[in-house]
Amino acid sequence: MATKSTGGIEKTKSTEVKKKLNVLIVDDDPSIRRLHEMIIKRIGGISQTAKNGEEAVILHRGGASFDLILMDKEMPERDGVSTTKKLREMKVTSMIVGVTSLADQEEERKAFMEAGLNHCLEKPLTMDKILPYINHLLGA
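What you see is a predicted model, and the numbers here were worked out from it, not measured in a lab.

The rules behind these values
Residues numbered from 1 in each chain as written. Predicted model: local features only at pLDDT ≥ 70, side-chain atom pairs only at ≥ 80, totals over all residues. Heavy atoms only, no water. UniProt positions renumbered as here; feature names shortened; annotations may be inferred. Helix = DSSP H or I, 4+ residues; strand = E, 2+ residues; numbered from the N terminus. Contact = heavy atoms within 4.5 Å. Pairing = 2+ DSSP bridges. Axes fitted to C-alpha atoms, helices over the stretch in contact; angles between N-to-C directions.

### Overview of the UniProt feature "modified residue: 4-aspartylphosphate" (unreviewed entry) in the chain
UniProt records the feature "modified residue: 4-aspartylphosphate" (unreviewed entry) at Asp72, using the numbering of this structure. As for its position among the elements, Asp72 is in the loop between β5 (68-71) and α3 (80-89). Discounting residues that sit within four places of it in the chain, Asp72 has contacts with Val26, Asp27, Asp28, Gly80, Val99, Thr100, Phe112 and Lys123.

Below, the structure is given as structure tokens:
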């Protein structure tokens, strides 16, 4: 298995995940939610979706828990920045990865990271982009 180090996260070519990963996908775009669901399913994970940040907060208030949260930045009702801040205030310890088309704009990315993200990736999400973070999360 080939590996490449990227800031503490190792990139690997393996798509095998030994543990069932529980992932929340938060995005207002149905096609992006489906794409992310397909990626999580392909690695053997379990996913749930929320179409905005308010739904994500409600899920957590109801006792839901996730290993990983894929968070869009721009959404109606509650955007990714305020949702991430709120989840951290609620003591949610899940790895939160921002997935945004704004990832290449440094100011936008910085504000999103400061809200409490663990990482920020640029759309579109691909297996190659997310797998290193999943493997890191699972200790693979």
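That was the structure; now back to the text.
### Some points on the sheet that holds strand β3 (residues 22-26)
If you trace the 5 strands from one edge of the open sheet to the other, you get β4-β3-β5-β6-β7, paired in parallel fashion. In the strand order of this sheet, the two ends are held by β4 (46-50) and β7 (119-122), each with one partner. Direction aside, neighbouring strands of the sheet carry axes that sit 20 degrees apart on average. In this sheet, β4 lies alongside β3 in parallel orientation, the contact comprising 5 bridges. Across the sheet, the residue bridging to Ile25 is Thr49, located in β4. Where helix α1 (residues 30-42) meets the sheet, it contacts β3, β4, β5 and β6 (95-100), and its direction lies at approximately 165 degrees from that of β4. In the packing of helix α2 (residues 53-61) onto the sheet, the strands contacted are β3, β4 and β5, and the crossing angle to β3 comes to about 150 degrees.

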